[in-house]
Amino acid sequence: MKVLRHILFLTACLVALLLAGCHRHGHEVDQTYLTLYVYMPDQPLLTRADQGPVAGLADESKVTQLQAWVYLSKSYTDIHGETHPAGERIAYLNTSVGADWTGSVYQLPVSDEFAAAVNDLVESNRPTVDVYVLANAASVGVNLGETATPNNLNAAQFDNSYFGTSTIVTEVPSDGLPMSGVLKNQPVYGTQPVLRIGTESNIATVALVRAISKIRFVFSRIYDEDHPENYPDIVIDRVTLDGGKLPVRQYVFLNDAWSLNGNRYKVNTNNYVADEFPLVVGTQEAPIAIGKTADKEEVLSYKWNGQTAQEYENLVDAGITANKLKQSGPFYLHESDRQLTGKIYYTVGVGDTQTASFSMAAAGDFGRNHTWIVYGFFNDGDLLEVIAVYLKDWEENVSANANDELYNW
């Protein structure tokens, strides 16, 4: 489950990689650096849905471009008597990432004045910093360079043409999925030539999470191939989301680190997609497929029944592989602060079009980096039953660092 990325600021002498990195990049020995270690751990910390953790697909975790900005979160006065204001940029990183990337050490040069202030005898003059990290900016058409200010980053948005309703996205783009992370008002520790974010006993981390969410639909029905005359023709015509639910624009960065207490999304609430819109429409050439199960017991076996979320995902994936379930999606969409609802339109035989509704439990359940499964099945008849299973809030993590907690796919 190589999904979670953490941004760790470490001292150079603690890890041999840091020492090798200093020599490898040919840094001057009198230059001071803020060390940034970005990695994908083999065993990322888990999240919790109502059902448990869920792993992501490999492409959903890829990083092609990585940027990081470090700013002063409060002013300080340097050894020359010059005042440096809050919002001043301290360090910047912009680097491409290869396909086989699993982690790397980066060292960002900082000024001697900043380094001296970190150990100022006057504690109130020691600087604290805000950290912003962005991965795969091109995937949402965002162009933020070294000179970007905190206001620029806080205001950065992407519109309906990226993961919105203008073009429904069903595959991870070549640039990857947008991911971001924020950490505010952090102390800096260390001495020249290497500094790190955090205190003497605790290294600060920034949780980098996907800025969009996804939903997929799976369908099944009871059907006996040897006696097709006993079963009516069933066609799923289209799957839609209701209007007034999905924001036209959303922000790239949250206001602070992702938190359970409401900091799960940041959308532009001035405008929502007004009308009901289709996620997928079936045609004669490309119908919305329905899997076939042998009997009632089998079709009901794909309902969530107390498994962990990962166990349920595995069950659904196995059903798709066996053609017991057929999938539409996944659909990658803007996060939302509202309760998502929608409809599935279908016809049985030559009858009129019928609808089955689906709904999330509460507003905010489609905040960023959530995944949602909707299972629709025909159980011994022509009525489509629908069950939604999705990631929601997570339980308390055993880690001492609260910032270790975040959503995974």
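Just above, that's the structure.
Computed from a prediction, not measured in an experiment: that's the story for all the values here. Note on numbering: residues in each chain are counted from 1, in written sequence order. Given that the model is predicted, a residue must reach a pLDDT of at least 70 before its local features are reported, and side-chain atom pairs must reach 80 or more before they are shown or counted; all residues, however, enter totals for whole chains, interfaces and linings. Only hydrogens and water are set aside when side-chain values are computed; all heavy atoms of the structure are taken into account.

Chemist: So what's going on with the overall build of the chain? Residues and values would help.
Modeler: Only DSSP runs of H or I reaching four residues or more are called helices, and only runs of E reaching two or more are called strands; each is numbered from the N terminus. If you tally the helices and strands in the chain, you get 5 helices and 22 strands. Any two residues whose heavy atoms approach within 4.5 Å at even a single point are treated as in contact. Restricting the contact set of the chain to residue pairs at least 6 apart, pairs at least 24 apart contribute 77%. We get accessible surface area from the Shrake-Rupley algorithm with a probe of 1.4 Å; when it comes to residues, only the shown protein chains can shield them. If you sum the accessible surface of the chain, you get close to 18000 Å²; carbon and sulfur atoms cover 47% of it.

Chemist: So what's going on with the environment of Asn152? Which residues, and what values?
Modeler: Positionally, Asn152 belongs in helix H3 (residues 150-155). The exposure class of Asn152 is partly exposed, given its relative accessible area of 38%. Not counting residues within four places of it along the chain, the set of residues in contact with Asn152 comprises Leu144 and Thr147. Within polar-contact distance, the side chain of Asn152 engages the backbone nitrogen of Thr149 at 2.9 Å. For each residue, the accessible area found with a 1.4 Å probe, counting protein chains only, is set against the maximum for its type, and the residue is called buried under 20%, exposed over 50%, and partly exposed in between. Residues adjacent in sequence count toward polar contacts only when both atoms are side-chain atoms; beyond that, a polar contact is any pair of N or O atoms within 3.5 Å, and within protein one must be able to donate a hydrogen and the other to accept it.

Chemist: Kindly report on the sheet that holds strand E19 (residues 341-348), identifying the contributing residues and their values.
Modeler: Ordered in space as E16-E14-E19-E20, the 4 strands form an open sheet in which the pairing is antiparallel. Two strands close off the open sheet at either side, each with one partner strand: strand E16 (277-281) and strand E20 (354-359). Adjacent strand axes in the sheet meet at a mean angle of 25 degrees, parallel and antiparallel pairs treated alike. Pairs of strands are assigned from DSSP output, requiring at least two bridges between the strands. Looking at chain direction, E19 and E20 are connected through 6 bridges and run antiparallel. Bridging across to E20, Thr341 finds its partner in Ser359. Helix axes are fitted only over the stretch in contact, all axes being lines through C-alpha atoms; the angle between N-to-C directions runs from 0 to 180 degrees.

Chemist: I'd love a proper account of the environment of Val280, names of residues and values included.
Modeler: Structurally, Val280 is set in strand E16. Separated by 42 residues in sequence, Val280 and Arg238 have C-alpha atoms that sit 5.6 Å apart. With residues up to four places along the chain from it excluded, the contact list for Val280 reads Arg238, Val239, Ile288, Ser328 and Phe331.

Chemist: Can you tell me about the packing of aromatic side chains, naming the residues and giving the values?
Modeler: Note on ring pairs: Phe, Tyr and Trp rings are taken, using the six-membered ring of Trp, and paired if centres are within 6.5 Å. Classes follow the plane angle, with under 30 degrees stacked, over 60 edge-to-face and the rest tilted. Summed over the entire model, instances satisfying the criterion amount to 12 aromatic pairs. An angle of 85 degrees between the planes, with centres 5.3 Å apart, marks the rings of Tyr132 and Phe253 as edge-to-face. Linking Tyr132 in strand E8 (residues 128-135) with Phe253 in the loop between strand E15 (250-251) and E16, this pair joins segments that are 121 residues apart in sequence. With a relative accessible area of 0%, Phe253 lands in the buried category. On the basis of an interplanar angle of 45 degrees and a centroid distance of 5.3 Å, the ring pair of Tyr223 and Tyr231 is categorised as tilted. Among the aromatic residues, those joined into a ring-pair cluster are Trp69, Tyr71, Tyr92, Tyr132 and Phe253. Definition used: whenever NZ (Lys) or CZ (Arg) falls within 6 Å of the ring centre and also within 35 degrees of the ring normal, the charge is taken to sit over that ring. Above the ring of Tyr223, the side-chain terminus of Lys292 is found at 4.5 Å from the ring centroid.

Chemist: Go over the pattern of salt bridges, please, and point to the residues and values.
Modeler: The salt bridge definition used is simple: a Lys or Arg side-chain nitrogen within 4 Å of an Asp or Glu carboxyl oxygen. Per the counting criterion, the structure on display carries 8 salt bridges. Ionic pairing is found between Glu225 and Lys292, a salt bridge with its closest N-O pair at 3.4 Å. Here the residue Glu225 occupies a position in the loop between strand E13 (212-222) and strand E14 (234-241), and Lys292 occupies one in strand E17 (residues 291-293), the gap between them amounting to 67 residues. Residue Glu225 is classed as exposed on the basis of its relative accessible area of 53%. Between Lys343 and Asp242 there is a salt bridge, with its nearest N and O atoms 2.9 Å apart. With Lys343 in strand E19 and Asp242 in the loop between E14 and E15, the pair connects residues that are 101 residues apart, well separated along the chain.

Chemist: Which residues make up helix H5 (residues 309-321), and what are the values?
Modeler: Note that an α-helix has 3.6 residues per turn; residues three or four places apart therefore point the same way. The end-to-end C-alpha distance of H5, which contains 13 residues, comes to 18 Å, matching closely the 18 Å that a straight helix rising 1.5 Å per residue would cover. Where H5 is concerned, the buried positions are Ala309, Gln310, Tyr312, Glu313, Val316 and Gly319. Directly beyond the C-terminal end of H5, a positive phi value near 65 degrees is found at Asn323. Expected helix span is computed as 1.5 Å times (number of residues minus one).

Chemist: Tell me about the nonpolar core, residues and numbers included.
Modeler: The criterion is simple. A nonpolar core is a set of buried Ala, Val, Leu, Ile, Met, Phe, Trp, Tyr and Cys residues joined through side-chain atoms within 4.5 Å. Counting residues in hydrophobic clusters, the biggest one holds 33 residues, and the most contacted among them are Leu34, Leu66, Phe114, Val188 and Leu195. Core analysis: the second largest hydrophobic core is formed by 28 residues, Leu279, Phe331, Leu340 and Trp372 among them.

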